[in-house]
Amino acid sequence: MSNMSMCIIDDVRTVIDGILKKVDWAAHGIDIAGTAVNGKEGLQLIRERQPDIILTDIRMPLASGLDMVRELQESGTTAKVIFFSGYSEFEYARESMRLGAFDYVLKPFTVKQIEEVVLRAKAQIEEERAKKLDRLALERKLRESLPYLRQEYFRLLIRHEEQPARAADKWEFLGIDMEPRGFIAMAVQIDGLPEENSPMPVREVELSRFAVQNILEETLKKHVKGVLFREQSGPFVILVNDGDDPDVLALAEACRNNVSLYAKRDISIGIGGHADTIGEIAMSYAQARTALSYQFYFGSGSMIAYKDIERQVGMTPQYSPEKETELLYCLRSGNREGTERLLGDMFEECLRYPAPPDPDNLTNLFYGLAFAMYRVLAEKADPEQRRWLDERLVALKKGKYASTSELMDGVRELGLTGCDWMQKRQKNDAGQLIHQAIQYASERLGTDLSVQECAAAVHLSPSYFSNLFKKETGMTFMQHVTGARMEKAKKLLLEGMQVQDVTFELGYRDRPYFSELFKKHAGMTPTEFRSKYEGGGTE
């Protein structure tokens, strides 16, 4: 059924704000039609918006709540009015009940009390609306709306039980050309058709749905007595009589083939079990929806009968906790190969059962895995990366993936992209550390530099520092120091410093050892180097 509307009228704005913000009215199927802070504005609001439920204080400026109720009665409104009243206003409250108010709530009240009384009013409105459908006089006045009424009626049938004795008059009035017992429900999904947030124009989406609906209706007429309608924001629903033992699978296959041939679309069909009475139609449709959900495993263009689903009762898909721990270690270290291997192993574990587990259970499991990876990656992510992570996690949580392969690809993309980020970050971090170490060494070439000293300067262990330095520069730390010292020696020699002084300046105590190192580095002795290059490079 469609959402109900509600307005709130109170001269204390904080009361209105509290009721608006502390209850998720949309989740209860209730839209807020508007608010007002006095009786005069409230009356105008009610006349303009015609809400189903009115929350109002009794005592307000310009017009009281009681005055509003009296005027509303004269206009014939059917809205449910709920008053707020203090203990000192109890007589007012009693008067409001005599005037036909639905209920009153004594001040001070809690938001929970307001929520409960509003939901009671909503339940009563729903009950009254259902009773209206039973009134043949009203139905006769609305015969021009029969197609819509039939659709609405069947939408109720697939969600709620209906007593066969109460249904007879409705079926006759609505002109339903079906036997009143022996049914099978089917749920039909257009595969690959975007539902929301899609770049595909709405008109194009609706044209596709319209074309599929026409083809399905024509196919049904040729084979069996039945009805076709579209559930709100859901699949198409087919309801057929099976009293003459029709081949339902053949009917489903004909529907699939005709849609593919004429509309160039793939559809998947879930087939429910036999419903003996009208009251069991909702059960058959629930089975059809369950069967259709297993398209998640079988792919586009599937026909799945509920009776053929070997469900894993009491069994939840799972993977080894040790593998998850290892996966998160690989993720932190940027180990792409290990991450991809472990994800593949975990996916295989979850799908190893002889019969597939409930799709919702599998989706929830993979969402939990994605969330664990998300927490690791979010610690190091920049704002842009964090937005990307949030979008992927929301898609997983809302079940936006149409098949197991798409779902696994989404989880895999999250992990491998995260590994790439981690590798890049580690490389940047390592480069900065090595740059700091080289700077530190360049300022101390004349001292007795050691690996331990330089590692401590950048807060790393000597062994890890040595490996990282070699990985980043292609040489050992001491090879770099020796090379830096020899380059500085060249500069000092060309500036006129004596070989002995250069030896001590660079931290060496033995001139022959220094000369030997210099010759290995420059291909000549210090004296030969100075003789070759001083005076503009002449011999």
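The structure we're discussing is the one just above.
My aim in this report is to walk through the structure given alongside it, one point at a time. These numbers were taken from a predicted model, which means no experiment stands behind them. (Residues numbered from 1 in each chain as written. Predicted model: local features only at pLDDT ≥ 70, side-chain atom pairs only at ≥ 80, totals over all residues. Heavy atoms only, no water.)

## Concerning the sheet that holds strand S6 (residues 181-190)
Pairing within the open sheet is mixed, and its 5 strands lie in the order S7-S8-S6-S9-S10. Each end of this open sheet is capped by a strand with a single partner; those strands are strand S7 (226-230) and strand S10 (303-305). Across the sheet, the mean angle from the axis of one strand to that of its neighbour is 20°, orientation sign disregarded. Sheet topology note: the S7/strand S8 (residues 236-241) ladder contains 5 bridges and is antiparallel. From the neighbouring strand, Leu228 faces S8, where its bridge partner is Ile238. Seen against the sheet, helix H7 (residues 146-157) touches S7 and S8 and runs at an angle of roughly 90° to S7. Sheet contacts for helix H11 (residues 281-293): S6, S8, strand S9 (267-277) and S10; angle to S9, the most-contacted strand, approximately 155°. (Pairing = 2+ DSSP bridges. Helix = DSSP H or I, 4+ residues; strand = E, 2+ residues; numbered from the N terminus. Axes fitted to C-alpha atoms, helices over the stretch in contact; angles between N-to-C directions. Contact = heavy atoms within 4.5 Å.)

## Thoughts on the pattern of salt bridges
By the definition in use, this model includes 26 salt bridges. Two residues, Arg120 and Asp103, come together in a salt bridge whose shortest N-O distance is 2.6 Å. One end of the pair, Arg120, is in helix H5 (residues 111-134); the other, Asp103, is in strand S5 (residues 103-106), and 17 residues separate them in sequence. Exposure remark for Arg120: the relative accessible area of 44% places this residue in the partly exposed category. Relative accessible area serves as the criterion here: at 16%, Asp103 is assigned to the buried category. (Salt bridge = Lys/Arg side-chain N within 4 Å of Asp/Glu carboxyl O. Buried < 20%, exposed > 50% of the residue type's maximum accessible area, 1.4 Å probe, protein only.)

## Let's talk about the packing of aromatic side chains
Going through the model one piece at a time under the given rule, you end up with 14 aromatic pairs. A ring pair is formed by Phe84 and Phe109, whose centres lie 5.0 Å apart and whose planes are at 35°; its orientation type is tilted. Of this pair, Phe84 sits in strand S4 (residues 80-85) while Phe109 sits in the loop between S5 and H5; the two residues are 25 residues apart in sequence, bridging distant segments of the chain. Judged by its relative accessible area of 0%, Phe84 falls in the buried class. A ring pair is formed by Phe469 and Phe477, whose centres lie 5.5 Å apart and whose planes are at 90°; its orientation type is edge-to-face. The exposure classification of Phe469 matches that of Phe477, with both residues buried. Members of the aromatic cluster, each reached through a chain of ring pairs, are Tyr508, Tyr513, Phe514, Phe518 and Phe529. Above the ring of Tyr440, the side-chain terminus of Arg444 is found at 3.7 Å from the ring centroid. Here the guanidinium or amino end of Arg485 rests over the ring plane of Tyr508, the centre of that ring lying 5.3 Å away. (Phe/Tyr/Trp six-rings, centres within 6.5 Å; stacked < 30°, edge-to-face > 60°. Lys NZ or Arg CZ within 6 Å of the ring centre and 35° of its normal.)

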